[in-house]
Amino acid sequence: MTQAAYKSIFVVGTARERAENFETYFAFSTRHSGELIESEKDLVRKREKLKWFQDNPVRSNRPLPDPQSFYRNYVELEDDPRTMDRKTLLLTCVYKFARHEWVGITGAWDATPTLAQARRLEDKISRYHLAEEFCHVRLFHEMFRTMQLEDVKWVPLGPKMQAVYRAFPYFPSWILDGPAFVTELMGIVFYRHFDALLDETFADEPEARDRIRALLREITIDEVAHAGQRRNFVGPRGTIFAKIILRPLFKAFFHDIPGSALLFDVDRMIADARGFDYSLIAPDMMALSWVPSYCRTG
Ligand SMILES: [Fe+2]
Ligand SMILES: [Fe+2]
């Protein structure tokens, strides 16, 4: 089988292509995630997958050297990150990344019409998208449990940031679409860099490492589809805007995760996002995900 070839994710579709792609995306999303359970912000197929992980648990053989160091630093960094154990620091960074997602989607969920109320296809897509993000938080939670961190809480951000996230869904789409696309792209890039750290950081824990990787894979397959879907919202001008804000957005986001600089090369992540095309994602994952038609060659 020859590997599929892709164009840059910054290629812009025509209005007609974008309308068609919304249709194929929504068909993919409902097939991939199953029925939406509004009252629980959950999806039938995603729930089955999570249940499989929970019913077949993997738990770390070597708990963190000092679990209290995780609990002391995961919401706000209290200690000097240079003194922290690498595994613990990595898990606190992952929590902080996931927490931003959780806060964003919690605000957006209340501002988005339910599937039954949604008239426009784009609104139905957004509802499904948000429910998938809630499923990601559950998968992240399972990562922490894998490391015997059973007491992780999903803590709201401070009132100022919380207000920003709550206001975000009410912004007009010409402002919102660029950043929304870039944050999904940031998700894929961050997960790839996180994955690249697993072998070294969890060398003494191959089973826990493999489970964390399997959980991350589930999330990344969705995130790849989300990036394409949010890409499909963005027209020519929005694409220029997305390119302009990419660097400052990455910089601001990771600046807000102190300690991440010791593990992650933010400039490398920015370069990866700028140069992103889908050939960077393993073909077996691409086979389960979704790509805008205009990002494929031929
Ligand atoms: Fe996500
Ligand atoms: Fe996403």
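Residues numbered from 1 in each chain as written. Chains lettered and ligands numbered in written order. Predicted model: local features only at pLDDT ≥ 70, side-chain atom pairs only at ≥ 80, totals over all residues. Heavy atoms only, no water.

A. Inspection of the side chain of Arg 99 at higher detail. Relative to the assigned elements, Arg 99 resides in helix 4 (residues 86-111). We note that Arg 99 is buried and unpaired, the nearest opposite charge coming from Glu 76 at a distance of 4.3 Å. Within the structure, Arg 99 has its side chain in polar contact with the backbone oxygen of Val 155 (distance 2.7 Å). (Helix = DSSP H or I, 4+ residues; strand = E, 2+ residues; numbered from the N terminus. Buried < 20%, exposed > 50% of the residue type's maximum accessible area, 1.4 Å probe, protein only. Lys, Arg positive; Asp, Glu negative; His and termini not counted. Salt bridge = Lys/Arg side-chain N within 4 Å of Asp/Glu carboxyl O. Polar contact = N/O pair within 3.5 Å; in protein donor to acceptor, adjacent residues only side chain to side chain.)

B. Just the nonpolar core, in detail. Counting 91 residues, the largest nonpolar core has Phe 144, Phe 250 and Phe 254 as its most contacted members. Residue contributions to this core peak at 13 residues, all from helix 4. When sequence neighbours within four positions are dropped, the list of residues in contact with Phe 144 reads Phe 70, Leu 91, Val 94, Tyr 95, Leu 149, Val 152 and Trp 154. (Core = buried A, V, L, I, M, F, W, Y, C linked by side-chain atoms within 4.5 Å. Contact = heavy atoms within 4.5 Å.)

C. Here's a closer look at the coordination of the iron ion (ligand 1). Protein ligation of the iron ion (ligand 1) involves Glu 101 (OE), Glu 101 (OE), Glu 133 (OE), His 136 (ND1) and Glu 223 (OE), the donor distances falling in the range 2.0 to 2.7 Å. Each donor residue of the iron ion (ligand 1) belongs to the same chain, with the gaps between them written as E-x31-E-x2-H-x86-E. In this structure, the iron ion (ligand 1) is positioned 3.3 Å from the iron ion (ligand 2), and both are ligated by Glu 133. Taken together, the residues Glu 101 in helix 4 and Glu 223 in helix 8 (residues 206-233) connect sequence positions 122 residues apart. (Donors = N, O, S within 2.8 Å, 3.2 Å for Na, K, Ca; no water.)

D. Structural context of the coordination of the iron ion (ligand 2). Protein ligation of the iron ion (ligand 2) involves Glu 133 (OE), Glu 184 (OE), Glu 223 (OE) and His 226 (ND1), the donor distances falling in the range 1.9 to 2.3 Å. Taken together, the 4 donor atoms coordinating the iron ion (ligand 2) and their angles of 86 to 129° define a geometry best described as tetrahedral. Here the donor residues of the iron ion (ligand 2) share one chain and are spaced in sequence as E-x50-E-x38-E-x2-H. (Tetrahedral: all angles 85-135°; square planar, octahedral: opposite > 155°, others 65-115°.)

E. Quick peek at the layout of surface pockets. The space that makes up the largest pocket amounts to roughly 1300 Å³. The element contributing the most residues to the lining of the largest pocket is helix 7 (residues 173-201), with 10 residues. Taken together, the residues of the lining of the largest pocket break down into 25 nonpolar, 9 polar and 11 charged. (1 Å grid on protein atoms, 1.4 Å probe; cavity = no way out; pocket = protein on both sides within 12 Å on 5 of 7 lines; lining within 4 Å. Points joined across faces, edges and corners; volume = space filled by probe spheres on them. Nonpolar A, V, L, I, M, F, W, Y, C, P; charged D, E, K, R; others polar.)

F. Looking closely at empty space enclosed by the protein. The full count for this structure, using the stated rule, is 1 cavity of 30 Å³ or more. Each pocket or cavity is described by its volume, and for the largest cavity that value is around 80 Å³. Among the secondary structure elements, those contributing two or more residues to the lining of the largest cavity are helix 2 (44-55), helix 5 (121-146) and helix 8.

G. Region of interest: unusual backbone geometry. For Lys 41, which is not glycine, the phi torsion reads 50° and is therefore positive. The partly exposed category is assigned to Lys 41, whose relative accessible area is 28%. Of note, Gln 148 is a non-glycine position whose phi angle comes to about 60°, a positive value. Mapped onto the secondary structure, Gln 148 falls in the loop between helix 5 and helix 6 (159-167). The class for Gln 148 is partly exposed, based on a relative accessible area of 39%.

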